[in-house]
Amino acid sequence: MRPSLKPLGEMIAIAALAALAALAAPVQAQTAEPAVPQPTHSVEQANATLQQVAKDRAAVHEEFAASERVCYDKFFVNYCLDKAKEKRRAALAKLRATEVEAEHFKRADSVEKRDADLAVRARKDAEEEAQRAAMPPKEAKVVDDTPRPAPNAGKPVVDREAEHAAKVQRQAAQDAADAGNRAANVAAFEKKQAESEKRKAQVAKKKADSDARRAAHEASEKKKADAEAAAAAAAAKKQ
């Protein structure tokens, strides 16, 4: 009875090696590095990209669920599941990179439009101020002291002149206050513009750091998967 078991053991080992090779071949093609997302050129394109990412992400999860069901019918269940998870992770990482690029474009476009509106308003205020400064000063009204049959006919000329002078002073003070407000608006706009540039630089740095961390993580995961595959193949060969 014992001699007859040897061919059976060899047949099992050969079948195991064949199954391992069949699992490893397609998975190696599926765990390629995520492609670099294409640059976005318009808000419409960014919105379309985000909608497509949502659809693709749902499809990735559906595909993983189907792969899980298939794996439970295979000989190396854990190995098959690990490869299915790696495929899902790579696909989701690619979709996330595309999503981040589209969202970044929309935020940058919003900031640019807001800054452009502020610049237009500040320029208009400066032009109006320049026009007022170029206008000749208003001539003082000539006070007609001819007596008139009116309720204020008996009001002294000196009082009317003082009232007019006070009115001119109030107008001058108001003009000075308006000029100060316009200068403050221009300074505020310049400050916001500088903050916008600083935010853009920070977003770009964060994106670069995130890309670097993701690349390092993916390389580590790939190395780990390759080591596991090699170990499984060695174990199957020993059997």
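Keep in mind that what you see is a predicted model, and the values were worked out from it rather than measured.

Some words on the overall build of the chain
Part 1: Scanning the chain for helices and strands turns up four helices and zero strands.
Part 2: Starting at the N terminus, the α and β elements of the chain follow one another as α-α-α-α.
Part 3: Split into buried and exposed, the 239 residues of the chain put 17% on the buried side.
Part 4: Expressed as a percentage of contacts within the chain between residues at least 6 apart in sequence, the contacts between residues at least 24 apart total 81%.

Examining the pattern of salt bridges
Part 1: Scanning all chains against the criterion turns up 14 salt bridges.
Part 2: For Lys200, the salt bridge is made with Glu112, and the minimal N-O distance between the two is 3.6 Å. Of the two residues, Lys200 sits in helix H4 (residues 157–238) while Glu112 sits in helix H3 (residues 77–134), which places them 88 residues apart along the sequence.
Part 3: Judged by relative accessible area, Lys200 falls into the partly exposed class, the value being 28%.
Part 4: Glu112 gets classed as partly exposed once you look at its relative accessible area, which sits at 46%.
Part 5: Through salt bridges that share partners, Arg57, Arg96, Glu99 and Glu103 make up one connected network.

As for the packing of aromatic side chains
Part 1: Under the definition given, this model contains one aromatic pair.
Part 2: Across from the ring centre of Phe64, 3.8 Å away, lies the NZ or CZ of Arg88, which sits over that ring.

Regarding the state of the cysteines
Part 1: According to the stated counting rule, one finds one disulfide in the structure shown.
Part 2: What pairs with Cys71 in a disulfide is Cys80, and their sulfur atoms sit 2.0 Å apart. Sign of the S-S torsion, about -65° for the bond between Cys71 and Cys80, identifies this disulfide as left-handed.
Part 3: On the basis of relative accessible area, Cys71 is assigned to the buried category, the value being 1%.

Here's the deal with the environment of Glu129
Part 1: Tracing the chain through its elements places Glu129 in helix H3.
Part 2: Exposure remark for Glu129: the relative accessible area of 27% places this residue in the partly exposed category.
Part 3: Measuring from C-alpha to C-alpha, the distance between Glu129 and Asp178 comes to 8.9 Å, with 49 residues separating the pair along the chain.
Part 4: Those residues within four positions of Glu129 in sequence are excluded, and the remaining contacts are Ala179 and Arg182.

Observations regarding helix H2 (residues 43–71)
Part 1: For H2, spanning 29 residues, the distance from its first C-alpha to its last is 42 Å, which sits close to the expected 42 Å at 1.5 Å a residue.
Part 2: For H2, every residue scored as buried is listed here: Ala46, Thr49, Val53, Val60, Phe64 and Cys71.
Part 3: Contacts made by the buried residues of H2 are with H3.

Some words on the side chain of Glu99
Part 1: Structurally, Glu99 can be placed in helix H3.
Part 2: Owing to a relative accessible area of 14%, Glu99 belongs among the buried residues under this scheme.
Part 3: For Glu99, the side chain forms a polar contact with the side chain of Arg96, separated by 2.6 Å.

Describing the packing of H2 against H3
Part 1: Put simply, H2 and H3 touch, their axes get as near as 9 Å, and they point 170° apart. Taken together, H2 and H3 sit at an angle that is classed as roughly antiparallel.

Some points on the confidence of the model for the chain
Part 1: Averaged over every residue, the pLDDT of the chain is 77; the share at 70 or more is 75%.
Part 2: When mean pLDDT is compared element by element in the chain, H2 scores highest at 93, while helix H1 (residues 5–30) scores lowest at 43.
Part 3: Considering only residues more than four positions removed or in separate chains, one finds that residues 1–35, a stretch of pLDDT under 50, has 29 contacts.

Scoring rules and cut-offs
- Residues numbered from 1 in each chain as written.
- Predicted model: local features only at pLDDT ≥ 70, side-chain atom pairs only at ≥ 80, totals over all residues.
- Heavy atoms only, no water.
- Helix = DSSP H or I, 4+ residues; strand = E, 2+ residues; numbered from the N terminus.
- Buried < 20%, exposed > 50% of the residue type's maximum accessible area, 1.4 Å probe, protein only.
- Contact = heavy atoms within 4.5 Å.
- Salt bridge = Lys/Arg side-chain N within 4 Å of Asp/Glu carboxyl O.
- Phe/Tyr/Trp six-rings, centres within 6.5 Å; stacked < 30°, edge-to-face > 60°.
- Lys NZ or Arg CZ within 6 Å of the ring centre and 35° of its normal.
- Disulfide = S-S within 2.5 Å.
- Expected span 1.5 Å × (residues − 1).
- Polar contact = N/O pair within 3.5 Å; in protein donor to acceptor, adjacent residues only side chain to side chain.
- Axes fitted to C-alpha atoms, helices over the stretch in contact; angles between N-to-C directions.
- Parallel < 35°, antiparallel > 145°, perpendicular 65-115°, else oblique.
- pLDDT = per-residue confidence, 0-100.

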